[in-house]
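Structural overview for review
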Amino acid sequence: MTVANVTLNNGVTMPQEGFGVFQVNDLKVCEQAVLDALDVGYRLIDTAQAYGNEAAVGKAIQASSVKREDIFLTTKVWVSNAGYELAQASIMKSMDNLQTDYLDLVLIHQPFGDYYGTYRALEELYKVGKIRAIGVSNFYPDRYVDLVKNVSVTPAVNQLETHVFNQRQNDRIFLEKYGTQIESWGPFAEGKNNLFQNPTLTKIGQSYNKTAAQVALRFLIQSGVVVIPKSTHKERMQQNFDIWDFVLNEQEMQQLQALDTGKSLFIDHYAGETAEMFNDRKL
Ligand SMILES: NC(=O)c1ccc[n+]([C@@H]2O[C@H](COP(=O)([O-])OP(=O)(O)OC[C@H]3O[C@@H](n4cnc5c(N)ncnc54)[C@H](OP(=O)(O)O)[C@@H]3O)[C@@H](O)[C@H]2O)c1
């Protein structure tokens, strides 16, 4: 099984499939999950300051026989670390936690707080080689385009809620226009909407001997999206990684495109309550 790479706008390559550790709060469980994921073959690990598990990810990478340079490591700067100085200090702390002296990708986690200050810190660390690529997360077209128009380094990645029920067609027009790679968070919508039992996903999977989960990931891969599914079960990690030996045909892709509702199943980033909630969450 060969995982494809995507080439980012600065020439850096990134595996198109990786492993996410959101809500893996028990640090022992997180360490074991990352070890298992590396053993299965994942080479992209996605964490964040706000997940509280960077140190566990760092321990697992140290303990694993996979070399650091063979791993694409992502973290994200939280809102309470926004602003040039705080962001810079927080990224140094993340590197300590992760036991590494460079990061492959650092994202601004949410479009709140002084994220222009944060972005300047990212640009500077990028220019001195401490971060190989920089980007954003949860930046919808308005804030994404505004950022692109006012910074010197175009974000390499925008990590957005993306799954069969929310396919991000409008966002993708702008990401393509300015050269930013889309990365999916919640590729299974965390199982919402009964994704794992969805009849369209299940039926398409049957002809390839694949599960609904595998079809959901394969659809995103064939749509040019980077995916970072999460599981703390090794057999599911294996299942989720076993998506590189089949190809959905045009008709199947169209059936899956028809599942798009164009709406979030999680959160409204335009709501005042969301801005309050994220600004009030202090790490
Ligand atoms: N930037 C952001 O704001 C943001 C937000 C959310 C997530 N993320 C990133 O995106 C990653 C993935 O998103 P996510 O963790 O929210 O959700 P997800 O990957 O869509 O779904 C994870 C859920 O699906 C279950 N699952 C995994 N594989 C399965 C399978 N083959 N069959 C049945 N159930 C399966 C997992 O359960 P088990 O663990 O029990 O197997 C878990 O409950 C995160 O870990 C994080 O790195 C980023």
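Let me sum up the structure you'll find in this document. (Residues numbered from 1 in each chain as written. Predicted model: local features only at pLDDT ≥ 70, side-chain atom pairs only at ≥ 80, totals over all residues. Heavy atoms only, no water.)

**With respect to the site of the ligand**
Surrounding the ligand, one finds 28 residues, the nearest of these being Asp 46, Glu 190, Lys 230, Ser 231 and Arg 236. Contact between the ligand and Phe 188: an oxygen atom at 2.8 Å from a main-chain N or O atom of the residue. Ala 189 has a polar backbone atom sitting 3.4 Å from an oxygen atom of the ligand. Cavity membership is defined here by more than half of the atoms lying within 2 Å of grid points; on that basis the ligand lies in the largest pocket. Among the elements that take part in the shell around the ligand, helix α9 (residues 234–241) stands out by supplying three residues, more than any other. (Near = heavy atom within 4 Å. Polar contact = N/O pair within 3.5 Å; in protein donor to acceptor, adjacent residues only side chain to side chain. 1 Å grid on protein atoms, 1.4 Å probe; cavity = no way out; pocket = protein on both sides within 12 Å on 5 of 7 lines; lining within 4 Å. Sits in = over half its atoms within 2 Å of the grid points. Helix = DSSP H or I, 4+ residues; strand = E, 2+ residues; numbered from the N terminus.)

**Considerations on the sheet that holds strand β6 (residues 103–108)**
Strand order across the open sheet formed by eight strands is β3-β4-β5-β6-β7-β8-β9-β10, with parallel pairing between neighbours. The sheet is open, and its two borders are formed by β3 (19–20) and β10 (226–227), each paired with just one other strand. Examined bridge by bridge, strand β8 (residues 157–161) and strand β9 (residues 181–185) share five bridges and lie parallel to one another. Among the inter-strand pairings, Gln 159 is bridged to a residue of β9, identified as Glu 183. Taken strand by strand, helix α4 (residues 115–127) contacts β5 (72–77), β6 and β7 (131–137), and its axis lies near 160° from that of β7. (Pairing = 2+ DSSP bridges. Contact = heavy atoms within 4.5 Å. Axes fitted to C-alpha atoms, helices over the stretch in contact; angles between N-to-C directions.)

**Overview of the nonpolar core**
Formed by 73 residues in total, the largest nonpolar core has its most connected members in Phe 19, Val 34, Val 57, Ile 91, Tyr 119 and Leu 122. Ranked by residue count, the leading element in this core is helix α8 (residues 212–222), at eight residues. With near-sequence residues (within four places) excluded, Phe 19 lies in contact with Ala 33, Val 34, Ala 37, Tyr 42, Leu 44, Ile 45, Asp 46, Ile 228, Pro 229, Lys 230, Ser 231 and Met 237. (Core = buried A, V, L, I, M, F, W, Y, C linked by side-chain atoms within 4.5 Å. Buried < 20%, exposed > 50% of the residue type's maximum accessible area, 1.4 Å probe, protein only.)

**Observations regarding the packing of helix α3 (residues 84–97) against α4**
Their axes nearest at 7 Å, the elements α3 and α4 cross at an angle of 50°. Our classification of the angle between α3 and α4 gives oblique. Handedness of the α3/α4 crossing: right-handed. From α3, Tyr 84, Ala 87, Gln 88, Ile 91 and Met 92 reach across to α4, where they touch Gly 117, Thr 118, Arg 120, Ala 121, Leu 122, Glu 124 and Leu 125. By residue class, the composition of the contact of α3 with α4 is seven nonpolar, three polar and two charged. (Parallel < 35°, antiparallel > 145°, perpendicular 65-115°, else oblique. Left-handed = near helix turned anticlockwise from the far one by under 90°. Nonpolar A, V, L, I, M, F, W, Y, C, P; charged D, E, K, R; others polar.)

**Comments concerning the pairing of β9**
Summarising burial for β9: five of the five residues are buried, a large majority. Handedness of the crossover is the feature at issue here: the chain leaves β8, passes through helix α6 (residues 169–178), returns alongside β9, and the resulting connection is right-handed. When β9 meets β10, the two strands line up parallel, connected through two bridges. From the neighbouring strand, Glu 183 faces β10, where its bridge partner is Val 226. (Right-handed = clockwise from strand over helix to strand, strands pointing away.)

**A closer look at the pattern of salt bridges**
Taken as a whole and judged by the stated rule, the model has nine salt bridges. The residue Lys 28 makes a salt bridge to Glu 31 at a minimum N-O spacing of 3.8 Å. Of the two residues, Lys 28 and Glu 31 both sit in helix α1 (residues 27–40), three residues apart, roughly one turn of that helix. The class of Glu 31 is buried, set by a relative accessible area of 16%. The salt bridge partner of Arg 172 is Glu 176, with a shortest N-O separation of 3.9 Å. Placement of both Arg 172 and Glu 176 in helix α6 is noted, with a separation of four residues, approximately one turn of the helix. Salt bridges sharing partners connect three or more residues here, namely Arg 68, Asp 104 and Arg 132. (Salt bridge = Lys/Arg side-chain N within 4 Å of Asp/Glu carboxyl O.)

**A few points about unusual backbone geometry**
A positive phi is found at Asn 193, a non-glycine position, where the angle reads about 60°. Inspection of the secondary structure puts Asn 193 in the loop between β9 and α7 (199–206). Judged by its relative accessible area of 47%, Asn 193 is partly exposed. Here the phi dihedral of Asn 209 falls at roughly 60°; this positive angle occurs in a residue that is not glycine. With respect to the helices and strands, Asn 209 occurs in the loop between α7 and α8.

**Some details on the layout of surface pockets**
When its volume is computed, the largest pocket comes out at roughly 870 Å³. The wall of the largest pocket is formed by 40 residues, among which Phe 22, Gln 23, Trp 185, Gly 186 and Glu 190 lie closest to the centre. At the level of secondary structure, the elements contributing two or more residues to the lining of the largest pocket comprise α8, α9 and α11 (272–280). No other element matches α9, which puts three residues into the lining of the largest pocket. Considered class by class, the residues forming the lining of the largest pocket number 18 nonpolar, 16 polar and six charged. (Points joined across faces, edges and corners; volume = space filled by probe spheres on them.)

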